[in-house]
Amino acid sequence: MNNIISGLRARLAPVADRVGTALEPVGRVLGMKSVKYPLRTVGVLLIYALPILHLPLINTENSDFSGVLFTVGTYVLVALGLNIVIGYAGLLDLGYVGFYAVGAYTVGVVTSEHGQWPFFLALPLALVVTMASGVLLGAPTLRVRGDYLAIVTMGFGEIIRIVARNTDWLGGAGGINSIPSPPDIGPEEGLFQIPHLSWQYGYPTIDDRVTKVLHFGVLDATPYFWMILTTIILVICADMLIKNSRVGRAWEATREDEDVAELMGVPTFKFKLLAFAMGACIGGLAGAMYATRVGFINPPSFPLMLSLLFVAAVVIGGAGNRWGAILGAVIVAYLPERFREFADWRLLVFGIALIVIVSFRTQGLFPGRQKKRVAQAEKEVQKLEEGAEIV
Amino acid sequence: MSESEDILLELEAVTIKFGGVVALDDVSMTIKKGEILGLIGPNGAGKTTCFNVITGVYAATSGTISLDGKSLAKRKRYQITKLGIARTFQNIRLFPSMSALDNVLVGADVHSKVGLLRALFRTPYFRRVEPENKRRAVELLELVGVGAQPDEISVNLSYGDQRRLEIARALATNPKLICLDEPAAGFNPAEKLRLMDLIRQIRDLGFTVLVVEHDMKLVMGVCDRIVVLEFGRKIAEGTPSEIQKNPAVIAAYLGTEEADDDAA
Amino acid sequence: MEFLIGNFAELTITGLVLGSVYALVALGYTLVYGVLQLINFAHSEVFMWGTYAVVWVLTLLGASGTSSLAGAAGYLAIALVAAVLMSGGVALIVERFAYRRLVRQNAPKYIILISAIGASFVLSEIMGLRDKIAGFLGLQGVLGDYVNNPRNTSTLPVEIKPEPVLQIGNYMVRDTELLIIISALIMMFVLDQFIRRTSFGRQIRAVAQDPEAASLMGANSTNVVRLTFLIGGVMAGVAATLYMIKVGATGFNVGFVLGVKAFTAAVLGGIGNLRGALLGGLILGIAENYASGILGSEWRDVTAFVLLVLVLLVRPSGLLGESLGRARA
């Protein structure tokens, strides 16, 4: 297996290099320094093109592929936010769906239930409201012991849902209907139109389906996917900038040893609250986009189970590593859609996966480089200890 | 310069009680700027308690502690660090899965005002302070002798390197007073000699040093002045040679000195 | 408010009934927390499996129609044994597969909590997918009645008609309610004595106080942990039987909400403290009833969460303090 992979890599490397070289002028124009960047650009463009390429094997035959991609996108966004809370700051939040719901409900309330705000105005409001809810929840609870925090946050998720159900102003049990799509940017026919591909016997043909760029309709989820993908990329950039700074280090130090962090001058409570608020904000962002895409939200859209699935995504991928969290989210959201026949089993499978992963591969499927080294070191220490016991 | 301007840290009649147990009883002492002060005493004498009250881990039941004339009472632990007191730990407590450099950087971040927005927008302040801190962190790693592997995660470092990394992390906060909690624990004689050099070097860089240590040779060899505690009280204070001749100290250590030498 | 005053006796009595069930489940949380300082997130599913044991056994015995409590006593006694065996067994399985390895490795708490969450998923989903699993094993024909419609509510095959036996205020207390409160009190008493007086109990307390010292002194901490899970499971089995007598129906997802409430009860009374679990359970049961009397029943489930947050903020060690290790048990 490894042979095949390394063989492939050897054969693909020159091709990639050539592509890289070819793209170098583009990179130079954009101020990029290395060949790596154009390669990444190609990768990103490929992801943007996914919903119109309808690639065989990964395409979902039984449900709208762009819709599935959008769902995967929301999970990825949520996982990125939750990764800050769980992975970086080490706070186990089991009520993350609460923030997701707050974001969705904010959009629902101001664009449909009690106002006609355009989505792009409602979105920043949703961010502010979720961030505020994060601070409101975090300020009293982040002082309690870590394992209690898990239960308290879980309670928060449930309270949000029950309050929404019992409050007529929020639409009550019926929820909020006809949440508008985002307004089109440019003409209604789209800036331009892109045809989709379909595949037969391994050959692509151009389909008569088209996606209108920047036209947000009900039928075609592709523009929504592009919107959320763009958001994800922005969030990743922000994540990288923050992680690689005093803030990121303070989070990590707090997670590793809160007392020592405090003694080394880290105001740990402030940074935990910041992580909580940022996580909340990103969760709310995902919820807001979900609301405008589906157009209809009600309390059962935000079950506790969703919180636990989000946690599963982050942990399965490898908490603390943003790429791991993203892959975890893709696994949790995409696999059940792709293999619909097994969709019923997904909670069972993820439950088993959680136990197995934390027991045997504590650092998740895709740990960061550092975590790998930590695991290695721990293993060696354990070996030494076991050896000592025998002696 | 008058006498009082020389004083960096002042403990005045500090008492600490845990329930009914008096851990520190009316202890007064001063640390002068630029000196190396040793804090010694038999086991259970209250050295660690004294150390913890200075660094803000415990609050004093009564009495005052002030650094440069500013009272430490009612300050949070991180504020005390920011004010200028940093410490190491008897049982090593690094951030295990962070790199050596990042460990030191956490210390260096104390005086940084980088927050969410500055990090997000890479403001001029950020671009000035973060590289500056990094440069200082690298220098400190070299000073303590861990410069060769800045990117190694700290659990992977050797025991001695971990101990020295803790010193670098504490120095990175740019403290007025650095408190070393048994820095030589587990060191062999050669490492102890190097540690003594390092402590002197740190003092020569302008830091004031407080050392709690069991190893008498190290304490006598490196300290300018020594304070002796027994049963939570201060029983003696003076230069190493004075302390060695002090009858109260000899009495306190009688019987335990041998054990200490064995341990060392 | 008027409703609350007019029905004060009823709300209080039924609150105590509910609270008794919470208290018995809370014991499971409190015991495990006392010994391991870990929240056994899967304990609610241990309870849920117990309720199914009651349904299945009564179905197996061919119970049907309606019956008075006394008339169904024989059936219920057998069901109790089945529920205790089931819940105890499931609790041991949870300990073995979700905890033991991680506890030995001294893994971080939140990692163990995640493992327990996984176990909770698995237990409730196995119940919720039992038709498919039986089909997989080719047993659907044999087990038909027991596994069909796994995601719907399952009801007791026999309906137990409560009889009024005692008047308190303007409320006639039913025999089932009396049974539940008294059984819960008896179980609590027995457990309290067990922990205080037997050598097993001493070992549990020793490990709770200081695991390392206890293992040096000879208490085999793995066995103690196993025993702790088992006792918690047994209590959950009793709670499950009482719950079925009162409610008469269960589902694969009943565990979660009840679990959170029982956990709240444990924290309220002081987690790790057995008497605290009883006190916390009863207070929570009554508080819930009053709250739904005042605000309307749709707010019932919020009570527990709000109470939990308040307790953690105001008095994190609970009303009676945390003390499994100490002699008060």
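Residues numbered from 1 in each chain as written. Chains lettered and ligands numbered in written order. Predicted model: local features only at pLDDT ≥ 70, side-chain atom pairs only at ≥ 80, totals over all residues.

What follows covers the interface of chain A and chain B. In this complex, chain A contributes 25 residues to the contact, which on the side of chain B involves 30 residues. Looking at the side of chain A that touches chain B, the element that brings in the most residues is helix α8 (residues 246-256) of chain A, giving seven residues. Its residues assigned to classes, the side of chain A that touches chain B comprises 14 nonpolar, three polar and eight charged. (Contact = placed C-beta atoms within 7 Å. Helix = DSSP H or I, 4+ residues; strand = E, 2+ residues; numbered from the N terminus. Nonpolar A, V, L, I, M, F, W, Y, C, P; charged D, E, K, R; others polar.)

Another point: the interface of chain C and chain A. Listed by partner, the interface residues are 34 residues for chain C and 32 residues for chain A. For the side of chain C that touches chain A, the elements supplying multiple residues, two or more each, are α4 (73-105), α5 (109-128), α12 (255-269) and α14 (300-314) of chain C. At 13 residues, α5 of chain C tops the list of elements feeding residues into the side of chain C that touches chain A. In terms of residue class, the side of chain C that touches chain A is built from 26 nonpolar, two polar and six charged.

As a further point, take the domain arrangement of chain B. Residue and element names in this part refer to chain B. Segmenting chain B into domains produces domain 1 (1-84 + 175-264) and domain 2 (97-174). With centres defined by C-alpha atoms, the gap from domain 1 to domain 2 works out at 26 Å. Across the boundary between the two partners, domain 1 contributes eleven residues, which contact ten residues of domain 2. Of all the elements in the fold, those that place two or more residues in the side of domain 1 that touches domain 2 are α3 (77-83), β7 (177-181) and α8 (189-204). Of all the elements, α8 adds the most residues to the side of domain 1 that touches domain 2, at three residues. Taken together, the residues of the side of domain 1 that touches domain 2 sort by class into seven nonpolar, two polar and two charged. (Domains from an automatic or database assignment.)

Here we come to the sheet that holds strand β6 (residues 85-87) of chain B. Hydrogen bonds between backbone groups are what pair the strands of a sheet, and the pairing can be parallel or antiparallel. All names here are of chain B. Strands sit in the order β6-β7-β8-β3-β9-β10 across an open sheet of six strands; the sheet is mixed. Every interior strand has two partners, whereas the edge strands, β6 and β10 (233-238), have only one. Here the average twist between neighbouring strands, direction ignored, is 20 degrees. Pairing between strand β3 (residues 36-40) and strand β9 (residues 225-230): four bridges, direction parallel. In the strand pairing of β9, isoleucine 40 is matched with valine 228. Of the strands in this sheet, β3, β7 and β8 (208-212) are in contact with α8, which crosses β8 at around 150 degrees. (Pairing = 2+ DSSP bridges. Axes fitted to C-alpha atoms, helices over the stretch in contact; angles between N-to-C directions.)

Our focus in this paragraph is the packing of helix α3 (residues 65-88) of chain A against helix α11 (residues 304-317) of chain A. All names here are of chain A. For the pair α3 and α11, the least separation of the axes is 9 Å and the interaxial angle reads 75 degrees. Here α3 is positioned roughly perpendicular relative to α11, judged by the angle of their axes. Of the residues in α11, those in contact with Tyr75, Val78, Ala79, Leu82, Asn83, Ile86 and Gly87 of α3 are Phe310, Val311, Ala313 and Val314. Residue composition of the contact of α3 with α11, by class: nine nonpolar, two polar and no charged. (Parallel < 35°, antiparallel > 145°, perpendicular 65-115°, else oblique.)

Okay, the sheet that holds strand β4 (residues 62-67) of chain B next. Residues and elements named next belong to chain B. Read across the sheet, four strands follow the order β2-β1-β4-β5 without closing on themselves; strand pairing throughout is antiparallel. Every interior strand has two partners, whereas the edge strands, β2 (21-32) and β5 (70-71), have only one. Against the sheet, helix α2 (residues 47-54) touches β1 (7-18), β2 and β4, its axis set at about 65 degrees to β2.

What follows is about the nonpolar core. The biggest cluster of nonpolar side chains holds 306 residues, and the ones touching the most others in it are Ala79, Ala275, Ala313 and Leu354 of chain A together with Ala23, Leu24 and Ala239 of chain C. Per-element accounting of this core gives the leading share, 17 residues, to helix α2 (residues 8-36) of chain C. Sequence-distant contacts of leucine 24 of chain C, that is, excluding residues within four places in its chain, are made with Ala184, Met187, Met235, Ala236, Val238 and Ala239 of chain C. (Core = buried A, V, L, I, M, F, W, Y, C linked by C-beta atoms within 7 Å. Buried ≥ 20, exposed ≤ 12 C-beta atoms within 10 Å, placed from the backbone.)

Attention shifts here to the confidence of the model for chain C. Residue and element names in this part refer to chain C. Looking at chain C, the pLDDT average stands at 87 and 96% of residues meet or exceed 70. Long-range and interchain partners of residues 325-329, a stretch whose pLDDT sits below 50, account for eleven contacts in this model, where long-range means more than four residues apart. Interface confidence for the predicted complex, given as ipTM, is 0.90, next to a pTM of 0.85. (pLDDT = per-residue confidence, 0-100.)

Now for the environment of glycine 157 of chain A. Residues and elements named next belong to chain A. Considering the arrangement of structural elements, one finds glycine 157 in helix α6 (residues 146-166). Since 26 C-beta atoms lie within 10 Å of it, glycine 157 is described here as buried. Non-local contacts of glycine 157, meaning those with residues more than four positions away in its chain, are made with Gly95, Val97, Gly98, Leu304 and Ser307.

Further remarks concern the arrangement of the chains. Summarising the chain contacts, two pairs of chains touch, and the pair with the most contacts is chains A and C. Looking at chain B next to chain C, you find no contact at all, with the nearest C-alpha pair sitting 13 Å apart.

Residue and element names in this part refer to chain B. With five of its five residues buried, β8 lies for the most part within the structure. Residues Thr208, Leu210 and Val212 point to one face of β8 and Val209 and Val211 to the other, with burial holding for every one of them. Bridge analysis of β3 against β8 gives four bridges, and the strand direction is parallel. Across the sheet, leucine 39 pairs through a bridge with valine 212, a residue of β8. Two strands pair when backbone bridges link them, and β7 and β8 are joined in this way by five bridges, in the parallel orientation. Following the sheet pairing, leucine 177 is matched in β8 by threonine 208.

What follows is about α11 of chain A. Residues and elements named next belong to chain A. With 14 residues, α11 extends 20 Å between its outermost C-alpha atoms, agreeing within 8% with the 20 Å of an ideal straight helix rising 1.5 Å per residue. Judged by how many residues are buried, α11 sits mostly within the fold: twelve of 14 residues are covered. Where α11 is concerned, the buried positions are Leu304, Ser307, Leu308, Leu309, Phe310, Val311, Ala312, Ala313, Val314, Val315, Ile316 and Gly317. Within two residues after α11, glycine 318 carries a phi angle of roughly 125 degrees, on the positive side. (Expected span 1.5 Å × (residues − 1).)

All names here are of chain C. Between helix α3 (residues 43-60) and helix α11 (residues 221-247), the shortest axis-to-axis distance is 8 Å and the interhelical angle comes to 50 degrees. The pairing of α3 with α11 is recorded here as oblique in orientation. Both α3 and α11 take part in a crossing whose hand is right-handed. Residues His43, Val46, Phe47, Gly50, Thr51 and Val54 of α3 form the contact with α11, whose own contacting residues are Gly232, Gly233, Ala236, Gly237, Ala239, Ala240, Thr241, Tyr243 and Met244. Residue composition of the contact of α3 with α11, grouped by class: eight nonpolar, seven polar and no charged. (Left-handed = near helix turned anticlockwise from the far one by under 90°.)

Residues and elements named next belong to chain C. Across four bridges, strand β4 (residues 164-168) lies against strand β5 (residues 171-174) in antiparallel orientation. Bridge pairing in β5 places glutamine 167 opposite methionine 172. Remark: two residues form the turn of the hairpin made by β4 and β5, two consecutive strands paired antiparallel; glycine 169 in that turn has positive phi of roughly 60 degrees.

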